[in-house]
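# A structural walkthrough
Here is how the chains run, residue by residue.
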Amino acid sequence: MSILVIGEHNNKELKSSTLNSITAASVINDDIHVVVIGNNCEEMANRVATTDKVKKVLLLEDSKYENPIAEKISPVITSLAKDYSHIVSPATTFGKNIMPRVAASLDLSQVSDVIKIENEDTFVRPVYAGNALATVQSTDDKKIITIRPTSFDPAATEGGQATVEKISFDGDESKVEFIGREESKSERPELGTARIVVSGGRGVQSAENFKMIYEVADKLNAAVGASRAAVDAGYVGNDYQVGQTGKVVVPDLYIAIGISGAIQHLAGMKESKVIVAINKDEEAPIFNVADYGLQADLFEALPQLSSELDKIDK
Amino acid sequence: MKILVTVKRVIDYNVQIRVKSDGSGVETENVKMSMNPPDENAVEEALRIKETGKADEVIVISVGGEKSQETIRTALAMGADRGILIKADSNLEPLAVAKVLQKIIEKENPKMVLLGKQAIDDDCNQTGQMLSALLGWEQGAFVSKIEVDGNSVSITREIDEGLEMLKLSLPVIVTCDLRLNEPRYASLPNIMKAKKKPIDLLNVEDLGVDTSPRIKQIKVEEPPKREKGIMVKDVAELVQKLKHEAKVI
Ligand SMILES: Cc1cc2nc3c(=O)[nH]c(=O)nc-3n(C[C@H](O)[C@H](O)[C@H](O)COP(=O)(O)OP(=O)(O)OC[C@H]3O[C@@H](n4cnc5c(N)ncnc54)[C@H](O)[C@@H]3O)c2cc1C
Ligand SMILES: Nc1ncnc2c1ncn2[C@@H]1O[C@H](COP(=O)(O)O)[C@@H](O)[C@H]1O
């Protein structure tokens, strides 16, 4: 049987997390379909069709799907389920919102946040903020899984020759009213996929001081992240948060500045290839996971870092 | 309006987890247990809604072992009115918990159910959304702001891109983020009062729902340990190491 991957997108671009999910699905089987539910998104669906390994794109367009409302999207997925052995979605807030509804509607358990696929029914997933890894086997006849995007490479956006099939759906009307979104706009790379991430914590002390973090980040073409304490204190928006209840990042380089290294923060970054910590407290737990630790006052270290980076660029 | 709040008893978030050497799970003997953190926010929010006069009863419910009564007691000490413990010995999967909750909801008829967005033990992030689908109620997931106005509930949700605002109609399911509010501490008099508040005990077997496991746990392992690195003496050395040793900049 085929595998259905749920396409996460904004009607213009497919989110890269879907490409990671396609790679994950391909571990099980190469007969992959992607469903795109949105509004005025045919052009994007045509591009999805060229993704490596994708055999078919199912396209459902309607103004009511302009925004991904869980109550509107999940019944569509549920209606498609009978033809698939696995339904796969990224474990982003998009997938987390929708997939458990699909699972419950089909009387299936869901395996969340899969980081490794052993075979068609056995998966590895982190529990306890990544302090333990559980290998679990689903005994349901259909598997509903969400994929941790950073654990799988993105599928190539070329090489596929899928057909695009328009589908229709007339199910229940949900009355949930979409009011709006506040998305922070930034020219910087996306936090989830950036090669370098520079994160600030409570030690940075204010939104104003975060400018020092941005400056270093921009010199490295890096994304900016933050600890929960920094977000809670209002230094940056919630979409910057790295950790158990924020985003998981696995960059080549993660620089933690004024972050103590609570387990909930480590849950979101400890798989990074190289970790740097700058903290004035030599006992800070972040140093236990850092490849390079610098015990320093960040207010002295950041301007120095900024000027050292100017030097190497020349 | 009645509000139902779910509370799960989990290993305290400050405890360093130890994986059992036989791979069967995580050490829970003699380990500090607490209320799942976002469930505290759910209790707090329910109490605040009640305090504005928009709700008249806050019921807390937990599914788990006998000791989950302590977690319910904590919520009662914060100010909830009464508790329900559904006794179940194993760690039920979110689907099973959602089915159990559905049964209780059909009996109690709350207009709003508040859950945590995620249990910090299984990290599933499923139960509220499943419950919403089972009941056919509207859902607000990962919520950091709630405003109740008559029959409509305006919520702000935390999403990867930032924030999303939705307007829902009662009855609703809301899963709470830690940023929703600052949970109160129980005062001593309230802890005393809580001892007299009623907790109903039910057995999961008596509810007539299928809670059989669908997911088999094969093994639980410790994640690979990271080698502790080196301390550098200054920023110049750091940049040199990143450039020439790690080769990441
Ligand atoms: C259920 C739950 C989920 C959570 N989820 C997350 C999550 O997803 N992400 C997350 O990050 N947290 C999360 N937390 C919170 C987490 O437990 C910590 O409270 C938080 O990570 C602390 O942030 P911090 O390191 O910035 O602040 P602190 O712990 O206060 O550390 C600040 C650090 O800055 C250093 N410092 C201060 N001034 C300077 C200076 N001038 N120069 C250099 N260093 C300085 C200090 O030495 C200290 O180490 C969660 C908590 C719970 C209970
Ligand atoms: N056994 C349980 N008893 C009470 N509430 C639960 C239980 N399991 C899950 N919940 C609720 O559902 C939320 C999400 O849990 P989960 O889907 O397991 O991440 C938790 O924050 C709790 O509010």
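For the structure itself, look to the data block above.
Residues numbered from 1 in each chain as written. Chains lettered and ligands numbered in written order. Predicted model: local features only at pLDDT ≥ 70, side-chain atom pairs only at ≥ 80, totals over all residues. Heavy atoms only, no water.

A word on the overall build of chain B. Within chain B one finds six helices and 13 strands. Overall size of chain B, expressed as C-alpha extent along the three principal axes, is 65 × 45 × 40 Å. Burial status across chain B gives 56% buried among its 249 residues. For chain B, the proportion of contacts with a sequence separation of at least 24, taken over those separated by at least 6, is 70%. Across chain B, the 37 positively charged side chains and the 40 negatively charged ones have centroids separated by 2 Å. (Helix = DSSP H or I, 4+ residues; strand = E, 2+ residues; numbered from the N terminus. Buried < 20%, exposed > 50% of the residue type's maximum accessible area, 1.4 Å probe, protein only. Contact = heavy atoms within 4.5 Å. Lys, Arg positive; Asp, Glu negative; His and termini not counted. Charge placed at Lys NZ, Arg CZ, Asp CG, Glu CD.)

Taken together, 29 residues form the shell around ligand 1, and within it Arg202, Ser227, Thr245, Ser260 and Asn279 of chain A come nearest. The environment around ligand 1 is built from residues contributed by chains A and B. Here an oxygen atom of ligand 1 and a side-chain polar atom of Gln264 of chain A are 2.8 Å apart. Within the contact set of ligand 1, an oxygen atom lies 2.8 Å away from a side-chain nitrogen or oxygen of His265 of chain A. Out of a free accessible area of 990 Å², ligand 1 has 85% covered by protein chains. At the level of secondary structure, the elements contributing two or more residues to the shell around ligand 1 comprise α6 (228–232), α7 (263–266) and α8 (298–313) of chain A. Each residue belonging to the shell around ligand 1 can be placed in one class, and the counts come to 11 nonpolar, 13 polar and five charged. (Near = heavy atom within 4 Å. Polar contact = N/O pair within 3.5 Å; in protein donor to acceptor, adjacent residues only side chain to side chain. Areas by Shrake-Rupley, 256 points an atom, 1.4 Å probe, with all protein chains shown as cover. Nonpolar A, V, L, I, M, F, W, Y, C, P; charged D, E, K, R; others polar.)

The next point concerns the interface of chain A and chain B. On the chain B side, the residues contacting the 85 residues of chain A number 75 residues. Roughly 7000 Å² of surface becomes buried between chain A and chain B when both sides are summed, with 54% attributable to carbon and sulfur atoms. Linking chain A with chain B are nine salt bridges. Across the pair Arg228 of chain A and Asp177 of chain B runs a salt bridge, and its minimum N-O distance is 3.6 Å. Here the side of chain A that touches chain B is composed, by residue class, of 36 nonpolar, 25 polar and 24 charged. Direction of pairing for strand β8 (residues 132–138) of chain A relative to strand β12 (residues 215–221) of chain B: antiparallel, over a ladder of six bridges. Each bridged residue has a counterpart across the sheet, and for Ser138 of chain A the counterpart in β12 of chain B is Ile215 of chain B. (Buried area = accessible area lost by both parts, 1.4 Å probe. Salt bridge = Lys/Arg side-chain N within 4 Å of Asp/Glu carboxyl O. Pairing = 2+ DSSP bridges.)

The next subject is the sheet that holds strand β3 (residues 54–61) of chain A. Each strand in a sheet pairs with another by means of backbone hydrogen bonds, the pair being arranged parallel or else antiparallel. Residue and element names in this part refer to chain A. Spatially, the seven strands line up as an open sheet ordered β5-β9-β4-β1-β2-β3-β10, and their pairing is parallel. In this open sheet, the two strands that pair with only one neighbour each are β5 (110–114) and β10 (163–166). Averaged over all pairs of adjacent strands, the angle between their axes in this sheet comes to 25 degrees, without regard to strand direction. Packed onto the sheet, helix α3 (residues 70–80) meets β1 (2–6), β2 (32–38), β3 and β4 (84–90) and runs at close to 150 degrees relative to β2. (Axes fitted to C-alpha atoms, helices over the stretch in contact; angles between N-to-C directions.)

For the rest of this paragraph, the subject is the pattern of salt bridges. All names here are of chain A. In total, this model carries 43 salt bridges over all chains according to the counting rule given. One salt bridge connects Glu183 with Arg181, and the closest N-O pair in it is separated by 3.1 Å. Take Glu183: its relative accessible area is 35%, and that puts it in the partly exposed class. Of the residues examined, Arg181 reaches a relative accessible area of 28% and is grouped as partly exposed. A salt bridge links Glu215 to Lys219; the nearest nitrogen and oxygen atoms lie 3.7 Å apart. Of this pair, Glu215 and Lys219 both sit in helix α5 (residues 210–219), four residues apart, which is roughly one turn of the helix. Exposure remark for Glu215: the relative accessible area of 41% places this residue in the partly exposed category.

So, on to the packing of aromatic side chains. Residues and elements named next belong to chain A. Going through the model one piece at a time under the given rule, you end up with two aromatic pairs over all chains. Arranged with centres 6.0 Å apart and planes meeting at 55 degrees, the rings of Phe210 and Tyr214 form a pair that is tilted. Of this pair, Phe210 and Tyr214 are both found in helix α5, four residues apart, which corresponds to roughly one turn of the helix. By the burial criterion, Phe210 is buried, and Tyr214 matches it. Measuring from centroid to centroid gives 6.3 Å for Phe210 and Tyr235, while their planes differ by 50 degrees, and the two rings are tilted. Of this pair, Phe210 sits in helix α5 while Tyr235 sits in the loop between α6 and β14 (253–257), and the two are 25 residues apart along the sequence. (Phe/Tyr/Trp six-rings, centres within 6.5 Å; stacked < 30°, edge-to-face > 60°.)

For the rest of this paragraph, the subject is the site of ligand 2. Residues and elements named next belong to chain B. Around ligand 2 lies a shell of 19 residues, among which Thr6, Asp39, Val63, Ala119 and Thr127 are the nearest. Within the backbone of Gly116, a nitrogen or oxygen atom sits 3.0 Å from an oxygen atom of ligand 2. Within the contact set of ligand 2, an oxygen atom lies 3.0 Å away from a side-chain nitrogen or oxygen of Asp122. Here ligand 2 has 480 Å² of accessible area as a free molecule, and 97% of this is covered by the chains. Classifying every residue of the shell around ligand 2 gives eight nonpolar, eight polar and three charged.

On to the packing of helix α3 (residues 94–108) of chain B against helix α4 (residues 127–135) of chain B. Residue and element names in this part refer to chain B. Viewed as axis vectors pointing N to C, α3 and α4 meet at an angle of 50 degrees, and their least axial separation amounts to 9 Å. Relative to α4, the element α3 is oriented oblique. Between α3 and α4 lies a crossing whose hand is right-handed. Together, Pro94, Leu95, Val97, Ala98, Lys99, Leu101, Gln102 and Ile105 of α3 and Thr127, Met130, Leu131, Leu134 and Leu135 of α4 make up the contact between the two elements. A per-class count over the contact of α3 with α4 returns 10 nonpolar, two polar and one charged. (Parallel < 35°, antiparallel > 145°, perpendicular 65-115°, else oblique. Left-handed = near helix turned anticlockwise from the far one by under 90°.)

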